[in-house]
Amino acid sequence: MRARRQAYIARTPALRASFFPLPARAEYTVTPNAPKILLLPLALALALSACSRESSAPAAGAEAAKPTLDESALPPVNRFQLADLGEPADACRDLNAYANGKWLAAHPIPGDRTSWGSFEMLAERSLAAQRQLAEQAAADADATGVEKIVGDFWATGMDEAAIERQGIEPLRDRLAAIDALTDTASIAEHLRATAARGENVLFGFGANADFRDSEVNIAYAVQGGLGLPDRSYYFDEAHRDKLAAYQRHVARVLELSGVPAEAAAQQAEAVVAFETRLAGNSRSREELSRDASLMYNPVSLAEADALTPNFPWTRFFESQGVQPPQTFSLAIPAFHQEVDAMLAEVPVEDWKAYLRFHTVDSASPYLSDAFVQANYAFYGKTLRGQQEIEPRWKRALGTLNASVGETLGQLYVEAAFPAESKARMEELVGNLREALKLRLEKLTWMGEETKRKAMAKWETFTPKIGYPDTWRDWSGLETGRDSYIANVLAANEFNYKYDLAKIGKPVDRGEWFMSPQTVNAYYNPQANEIVFPAGILQPPFFDPDADDALNYGGIGAVIGHEMIHGYDDQGSRFGPTGNFENWWTESDAAGFKRLTDRLVAQFDAYEAAPGLHVNGNLTLGENIADLGGLAVAYDALQRAREGQEDPKVDGLTQDQRFFLNWATVWRRNFTPEELKVRLTTDPHAPANFRAIGAPSNLPAYAAAFSCEAGSPMVREGGERIVIW
Ligand SMILES: [Zn+2]
């Protein structure tokens, strides 16, 4: 995920991922209710970061007072505690029940969230810190640079009276432009014009490294345009009630925008039919997660123009102010062909209904209360089981993070990230790398030729810790204190143009795809880099004062996980320099597939709710990363402790504490609705299965708790899976 949540955000992390699934990055977890993708899908995936050459070091805004934090006002840190443990016999039956059962029973989900656990508690702490920083920035009338941007976003986001006064007025011009559409040509022109402001509701468009030449950015056009989290919502019986509720939501939003009730109901039907047609030609979450190459379909402009005669790409590039390139990636051609056919076949009135709805719906979080409540009622409550809307301050921070996250990140790092943490992390990463090297060398299922390539890839891993070396330059972004949505739209356009400016240029390897305050981590196969924002470098993951067992079981396993993404089913399709290339011999590839098929079967067997199983295919990459990552972290702990005594702490050995902290990270409750959305869209298995899935394959786990053969937590013989 990326960063903060905004209660009712519809197209949560899930959708964001679909716009640019794996190649962009594999995250450690998905944050529920992550900030909505504003008006542009792909740009958000790429917007949060990037660095200019202007400033360096966290203390860039030197003229301003250093931001400060009142630690005593922050929510408590969540750590592993002896008192949380259940019956010792449970260690061999169900590690999650043993380590987290008591905690989970005692910690129901707060009303404004749809999940609650270690990640969320840390995110809550990060939010409270961000609030203090935003308030300080807003209080400084002379603020400039990132402080002014943060202050303006915060002040307007909290100014409920002004937002209420403006109602839907800020969208008037946009809605009038839609009302004026008359034919195919005018719709195509409208799509180009709105896209140029970063408000493309129909498909994603932006810069990303070329799969075959990871040094250079090219343009990608990718599927989009759906209001629901996955294509399956439009067709599967299991989601039938959500589809019906969505249609009612569409009608409600249209009515709020001024369409009479009866017409709104008819238009809603047309919008759902429109999206169902798009969905029929879209790829599923599962397909996009498991086949990175779907994102890469290089075509010449002439080929693209011939494919979609009603929507010529040459004109599209020109309208976006981008020099028409030799080639670009038209990722899912069937999707764009369908859009092209729809331009000719779908009645203009239906197009207008679709555009009107999405224009209002995506802006709803920044409009007056009626729009905010409608948005929450569907995307928060109905879709995800959220019981109450988040307080305004959390929503305002969610927007700030989604729009200009790194500005706030700059203040966050100054106030909340100690330099010692970075040094300690560098040491941990170094130890994990060494442990991974030894495991690679000892692999028995892989031939020497492939192994040499795997080692070459190991050589080029690049870690990034805490925050970017160089902060992005935000000059040119105009924000003010008059209008919340004006600030949001300005940032949206600014980010879109910033992204488009990268097309045809060398990739900036200093760029970050998460802001520093994010409680998450990621691997980016196109740069072979592992990235750990400051936000996750806190307990229970990381604590400079904790012993090795806890740190290796926490952040150590995260480091291992991100490195193993380089060797998961998708990451392993990229080479040492980040190019999409096959470095596998045929027989080693077949051997790898045999092993991963068994991991698919292990997770397919987990029943998450009555009749609902984990999707072993959708979650394969993450499960490979967990399994290898935990094994590497365990090895690294042994190396770090070599020759030392094993001082029991609270009667627990170092190995036991290592596994218990791993499980502590994965304590997490979900609403039934949230769980259901995730089983369809989240490439990570639900937390309770992540807690047990990897340890049950490690002999070291069985040994640590003296589990007998045949125990549920002990997979043995032909059942045990070791990949990396
Ligand atoms: Zn991951």
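1. Overview of the coordination of the zinc ion
Taken together, Glu27 (O), His561 (NE2), His565 (NE2) and Glu622 (OE) make up the protein donors of the zinc ion, found 2.0 to 2.6 Å from the metal. One can describe the site at the zinc ion as irregular: its 4 donor atoms subtend angles covering 91 to 137° at the metal. Mapped onto the sequence, the donors of the zinc ion take the spacing E-x533-H-x3-H-x56-E. One end of the pair, His565, is in helix α22 (residues 548–565); the other, Glu622, is in helix α24 (residues 620–640), with 57 residues separating them in the sequence. Residue His565 shares its accessibility class with Glu622, and that shared class is buried.

2. Let's talk about the state of the cysteines
Here is the idea: a disulfide is a covalent bond, and it sits between the sulfur atoms of two cysteines. If you walk through the whole model with that rule in mind, you get 1 disulfide. The disulfide partner of Cys92 is Cys707, and the S-S distance across this bridge is 2.1 Å. Here the disulfide of Cys92 and Cys707 is left-handed, its torsion about the S-S bond being about -85°. One end of the pair, Cys92, is in helix α3 (residues 90–93); the other, Cys707, is in the segment after α28 (699–704), and 615 residues separate them in sequence.

3. Considering the packing of aromatic side chains
Two descriptors summarise a pair of aromatic rings, namely the distance from one centre to the other and the angle between the planes of the rings. By the definition in use, this model includes 47 aromatic pairs. Seen in terms of ring centroids, Trp445 and Phe592 are 5.9 Å apart; in terms of plane orientation they differ by 10°. Their pairing is stacked. Highlighted residues: Trp445 in the loop between α19 (419–442) and α20 (448–459) and Phe592 in helix α23 (residues 586–604), separated in sequence by 147 residues. Following the ring pairs from residue to residue traces out a cluster consisting of Trp445, Phe461, Tyr523, Tyr567, Trp583, Trp584, Phe592 and Trp724. A cation sits over an aromatic face here: Lys422 above Tyr467, 4.4 Å from the ring centre. We note Arg472 situated over the ring of Tyr498; from NZ or CZ to the ring centre the distance is 3.8 Å.

4. Considering the pattern of salt bridges
Applying the stated criterion to the full structure yields 40 salt bridges. Close ionic contact of Arg509 with Glu215 constitutes a salt bridge, the shortest N to O distance being 3.6 Å. Taken together, the positions of Arg509 in the loop between α21 (484–500) and β8 (522–524) and Glu215 in the loop between β3 (204–209) and β4 (217–222) put the pair 294 residues apart, joining distant regions of the chain. Through salt bridges with shared partners, one network takes in Asp112, Arg113, Glu124 and Lys394.

5. Overview of the sheet that holds strand β6 (residues 327–330)
If you walk across this open sheet you meet the 4 strands as β3-β4-β6-β5, and the pairing is mixed. One side of each edge strand has no neighbouring strand; the edge strands of this open sheet are β3 and β5 (298–300). On average, adjacent strands in this sheet sit at an angle of 40° to one another, irrespective of strand direction. Looking at chain direction, β3 and β4 are connected through 6 bridges and run antiparallel. Its bridge partner being in β4, Ala207 is matched across the sheet by Ala219.

6. Notes on unusual backbone geometry
Pro540 follows Pro539 through a cis peptide bond whose omega is 5°. Here Pro540 shows up in the loop between β9 (529–533) and α22. Despite not being glycine, Asn528 shows a phi value in the positive range, around 45°. Relative to the helices and strands, Asn528 resides in the loop between β8 and β9. Asn528 gets classed as buried once you look at its relative accessible area, which sits at 0%.

7. Description of the packing of helix α5 (residues 118–139) against helix α6 (residues 145–158)
Direction vectors running N to C along α5 and α6 enclose 100°, while the axes themselves pass 8 Å from each other. Relative to α6, the element α5 is oriented roughly perpendicular. Between α5 and α6, the contacting residues are Arg131, Ala134, Glu135, Ala137 and Ala138 on the first element and Glu147, Val150, Gly151, Trp154 and Ala155 on the second. Residues that form the contact of α5 with α6 fall into these classes: 6 nonpolar, 1 polar and 3 charged.

8. A word on the domain arrangement of the protein
One can read the domain layout of the protein as domain 1 (1–45 + 100–107 + 115–416 + 474–501) and domain 2 (431–461 + 549–724). With centres defined by C-alpha atoms, the gap from domain 1 to domain 2 works out at 33 Å. Taken together, the 43 residues of domain 1 in the interface contact 42 residues of domain 2. Here domain 1 meets domain 2 over a buried area of about 3500 Å², counting both sides, of which 50% is carbon and sulfur. Broken down residue by residue, the surface that domain 1 buries against domain 2 is led by Tyr28, Asn100 and Arg290, which jointly contribute 23%. Viewed at the interface, domain 2 and domain 1 are joined by 4 salt bridges. Linking domain 1 with domain 2 are 24 residue pairs in polar contact (both at pLDDT 80 or more). When residues in the side of domain 1 that touches domain 2 are grouped by element, the largest group, 4 residues, is from helix α12 (residues 285–290). Taken together, the residues that form the side of domain 1 that touches domain 2 break down as 17 nonpolar, 15 polar and 11 charged.

9. Remarks on helix α10 (residues 240–256)
In this model, α10 (17 residues) spans 25 Å end to end at C-alpha, consistent with the 24 Å of a helix rising 1.5 Å per residue. In this structure, the buried side of α10 is in contact with α11 (261–280), α16 (348–363), α17 (369–384) and α26 (672–681). Downstream of α10 by one or two residues, Gly258 has phi in the positive range, about 115°.

10. Observations concerning the pairing of β9
In terms of burial, β9 is largely enclosed, as 5 of its 5 residues are buried. Neither face of β9 is exposed, since Glu529, Val531 and Pro533 on one face and Ile530 and Phe532 on the opposite face are all buried. The pairing of strand β7 (residues 462–466) with β9 spans 5 bridges and is parallel. Its bridge partner lying in β9, Lys464 is registered against Val531. Counting the residues between successive antiparallel strands, the hairpin from β8 to β9 contains 4 residues, one of them, Asn528, with a positive phi of roughly 45°.

11. A look at the pairing of β6
Alignment of β4 against β6, held across 2 bridges, turns out to be parallel. When the bridges of β6 are listed, Tyr220 appears paired with Ser329. As paired elements, β5 and β6 share 3 bridges and run antiparallel to each other. When the bridges of β6 are listed, Val299 appears paired with Phe328.

12. Concerning the sheet that holds β9
Within the open sheet, the 4 strands sit side by side as β1-β8-β9-β7. Their pairing is mixed. Where the open sheet ends on each side, the last strands, each with one partner, are β1 (26–27) and β7. For β8 and β9, the ladder comprises 3 bridges, and the chain directions are antiparallel. Considered in β9, the bridge of Asn524 is made with Glu529. Sheet strands touched by α19: β7 and β9. Its angle to β7, the strand with the most contacts, is close to 150°.

What counts, and at which threshold
Residues numbered from 1 in each chain as written. Predicted model: local features only at pLDDT ≥ 70, side-chain atom pairs only at ≥ 80, totals over all residues. Heavy atoms only, no water. Donors = N, O, S within 2.8 Å, 3.2 Å for Na, K, Ca; no water. Tetrahedral: all angles 85-135°; square planar, octahedral: opposite > 155°, others 65-115°. Helix = DSSP H or I, 4+ residues; strand = E, 2+ residues; numbered from the N terminus. Buried < 20%, exposed > 50% of the residue type's maximum accessible area, 1.4 Å probe, protein only. Disulfide = S-S within 2.5 Å. Phe/Tyr/Trp six-rings, centres within 6.5 Å; stacked < 30°, edge-to-face > 60°. Lys NZ or Arg CZ within 6 Å of the ring centre and 35° of its normal. Salt bridge = Lys/Arg side-chain N within 4 Å of Asp/Glu carboxyl O. Pairing = 2+ DSSP bridges. Axes fitted to C-alpha atoms, helices over the stretch in contact; angles between N-to-C directions. Parallel < 35°, antiparallel > 145°, perpendicular 65-115°, else oblique. Contact = heavy atoms within 4.5 Å. Nonpolar A, V, L, I, M, F, W, Y, C, P; charged D, E, K, R; others polar. Domains from an automatic or database assignment. Buried area = accessible area lost by both parts, 1.4 Å probe. Polar contact = N/O pair within 3.5 Å; in protein donor to acceptor, adjacent residues only side chain to side chain. Expected span 1.5 Å × (residues − 1).

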